[in-house]
Amino acid sequence: MIIEIGSIIIMGSLAGYASLKKGGTTSNDADKIQKIFANAGWNGKNGETIRLHRKSNFSGGIEYVYQVPLGFDRKRIEAEQHILEDGLNIRHRLFEFNPTDLFKVKINSSMFKQIKMIFTKKKIDRKEIELGFDGMLRIKVYKESMKEQYEWDEGYLMNGTWSVSIGNTRQGVVRHDFDEHKHLIIAGATGYGKSAILKLIVTSLVLQQPENVKLHLIDLKGGSAFQRFKDLKQTKNYTREPKEVKEILQNIQIEMNKTYTDIVDSGFEDIKESGRKERHFIIIDEAADIADDSECMEVVTDIARRGRGAGYYLIYATQYPSSQSIPQQTKRNIPSRLCFVLDDAIASNTALGQTGAEELPLIPGRGIYKNVKSQVVQTPYISNRQIEKCIKPHVVIKPRKEESSIEYREGKKTGSNSFILEET
Ligand SMILES: Nc1ncnc2c1ncn2[C@@H]1O[C@H](COP(=O)(O)OP(=O)(O)OP(=O)(O)O)[C@@H](O)[C@H]1O
Ligand SMILES: [Mg+2]
């Protein structure tokens, strides 16, 4: 059911709209952009305004190029991009309400919030923008919204590298190179794609680096995301039990320290320089569940701080970004973030270091990937069936815990305890 709602929509973030109207009709997007800049207070300190330098069509939209005043704060505009986007969409906003969305509501303390989000924020057919800065401010205004789903296929892989596809933009695929950018924090409200992208990252790593990736999978949502990977030969640790997490993390820390000492004692600065191929990924789905265990958090912080040199990379996902679930020191050591829609600007600020995630449309997989710059992405989607197919050649039956030997944990399988499963 699509209901078109006319021009007057009260938007907190658009305090300037009233004066925008007062100032006359906003005949085209170039005018609107200039007025939004004035109303949002983004112009120069002495009132200098941005000036339209050029306007050109490209397939799918129009690009406006502006001269900007001295002292122009690009980062601020990037963080508040939604104000610009909302401003350009103020006259015609289409809201889509799909009754089946109500079935997705989870019965818990955030139930009413989830329902409110469905009714107030689902937007379609919005004009979307992209910002660029090269001395001039470039604003691309797209006529149509970005695709809501990108099916994953093997074309997304980059075999032999640690660079994993994290999202699609209109320009192409965005990748997170773990050997360059190391750890990653993932945040987002329930049901918007955290576990899905974690599963895709694990699958990609296994396919791209089958011999070198070592996985430590901590699934505190009952195992629903990672249980499919628990029998991979690459999986060194898997748990869904909060009470097991501390021991696993502490063992990882011991190994990490040893590796790092070996690397340094051999005269190298870090794992990359040492030429060692092995990389460890400590992947935690729902980190908030260990946030009040100070011993666990101490290890997490230590891996975030020192893991990079030893090739121990942390992927840390949470639905509840707060100063407790993502401690300051962990955050400082993990500049890369992927953030799906969040409840409010405070959560966005905590997870991303900027607002904006609260303004994302309610589309699973739509997120902001922030590294050096931040960009809106749609994460590629891989189905569980496809994952099973991809990882099947890497599944081994492991010895039960009581039989498990040091050799196995060291990765030296004797062959008597393990065999490859084949489909019949
Ligand atoms: N990139 C995507 N493209 C399309 N659909 C997606 C994408 N990511 C997730 N989804 C859909 O959203 C559903 C929920 O995603 P997911 O389980 O990853 O959410 P979550 O953030 O882990 O939620 P929770 O916090 O409750 O664990 C998936 O089952 C899938 O149907
Ligand atoms: Mg999940």
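Only a predicted model underlies this, so the values are computations on that prediction, with no experimental measurement involved.

1. Comments concerning the pattern of salt bridges
Turning to step 1, where the next piece is worked out: Counting across every chain of the model gives 17 salt bridges.
Turning to step 2, where the next piece is worked out: Put simply, Lys-236 and Glu-255 hold a salt bridge, and the shortest N to O gap is 3.7 Å. Here Glu-255 lies in helix H8 (residues 242–265) and Lys-236 lies in strand E13 (residues 235–239), a separation of 19 residues in the sequence.
Turning to step 3, where the next piece is worked out: Glu-255 sits in the partly exposed class, given a relative accessible area of 31%.

2. Topic: the pairing of strand E9 (residues 163–169)
Turning to step 1, where the next piece is worked out: For E9, the tally of buried residues reaches seven of seven residues, placing the bulk of the element in the interior.
Turning to step 2, where the next piece is worked out: Sheet topology places E9 next to strand E10 (residues 172–177); six bridges connect them, and they run antiparallel. Bridge pairing in E10 links Ser-165 to Arg-175.
Turning to step 3, where the next piece is worked out: Between E9 and E10, which pair antiparallel and follow one another directly, the connecting turn spans two residues.

3. Brief notes about the pairing of strand E7 (residues 137–142)
Turning to step 1, where the next piece is worked out: Bridge count for strand E3 (residues 61–67) against E7 is six bridges, and the pairing is antiparallel. Bridge pairing in E7 places Tyr-64 opposite Ile-139.
Turning to step 2, where the next piece is worked out: Note that strand E6 (residues 128–133) and E7 share six bridges and pair antiparallel. Each bridged residue has a counterpart across the sheet, and for Glu-128 the counterpart in E7 is Tyr-142.
Turning to step 3, where the next piece is worked out: Where E6 folds back on E7, the antiparallel hairpin that results is connected by three residues, among which Gly-135 adopts a positive phi of roughly 95°.

4. Description of empty space enclosed by the protein
Turning to step 1, where the next piece is worked out: Taken as a whole, this structure holds two cavities of 30 Å³ or more when the rule is applied.
Turning to step 2, where the next piece is worked out: Size it by volume and the second largest cavity reaches roughly 30 Å³.
Turning to step 3, where the next piece is worked out: Lining the second largest cavity are Arg-74, Ile-77, Glu-78, Leu-131, Gly-132, Phe-133 and Leu-137.
Turning to step 4, where the next piece is worked out: The residue inventory of the lining of the second largest cavity, partitioned by class, reads four nonpolar, one polar and two charged.

5. Considerations on H8
Turning to step 1, where the next piece is worked out: In this model H8 runs 35 Å from its N-terminal to its C-terminal C-alpha over 24 residues, within 8% of the 34 Å that 1.5 Å per residue would give.
Turning to step 2, where the next piece is worked out: Buried residues belonging to H8 abut strand E12 (213–219), E13, helix H9 (271–274), strand E14 (279–285), helix H10 (294–310) and strand E15 (312–318).
Turning to step 3, where the next piece is worked out: Phi for Gly-267, located one or two positions after H8, is positive at around 90°.

6. Describing the environment of Leu-157
Turning to step 1, where the next piece is worked out: Mapped onto the elements, Leu-157 comes out in the loop between strand E8 (150–151) and E9.
Turning to step 2, where the next piece is worked out: The exposure class of Leu-157 is buried, given its relative accessible area of 16%.
Turning to step 3, where the next piece is worked out: Along the chain, Leu-157 and Leu-207 lie 50 residues apart, while their C-alpha atoms are 7.8 Å from each other.
Turning to step 4, where the next piece is worked out: The residues touching Leu-157, leaving out its near neighbours within four places in the chain, are Trp-152, Arg-175, Ser-204, Leu-207 and Gln-208.

Rules used in this analysis
- Residues numbered from 1 in each chain as written.
- Chains lettered and ligands numbered in written order.
- Predicted model: local features only at pLDDT ≥ 70, side-chain atom pairs only at ≥ 80, totals over all residues.
- Heavy atoms only, no water.
- Salt bridge = Lys/Arg side-chain N within 4 Å of Asp/Glu carboxyl O.
- Helix = DSSP H or I, 4+ residues; strand = E, 2+ residues; numbered from the N terminus.
- Buried < 20%, exposed > 50% of the residue type's maximum accessible area, 1.4 Å probe, protein only.
- Pairing = 2+ DSSP bridges.
- 1 Å grid on protein atoms, 1.4 Å probe; cavity = no way out; pocket = protein on both sides within 12 Å on 5 of 7 lines; lining within 4 Å.
- Points joined across faces, edges and corners; volume = space filled by probe spheres on them.
- Nonpolar A, V, L, I, M, F, W, Y, C, P; charged D, E, K, R; others polar.
- Expected span 1.5 Å × (residues − 1).
- Contact = heavy atoms within 4.5 Å.

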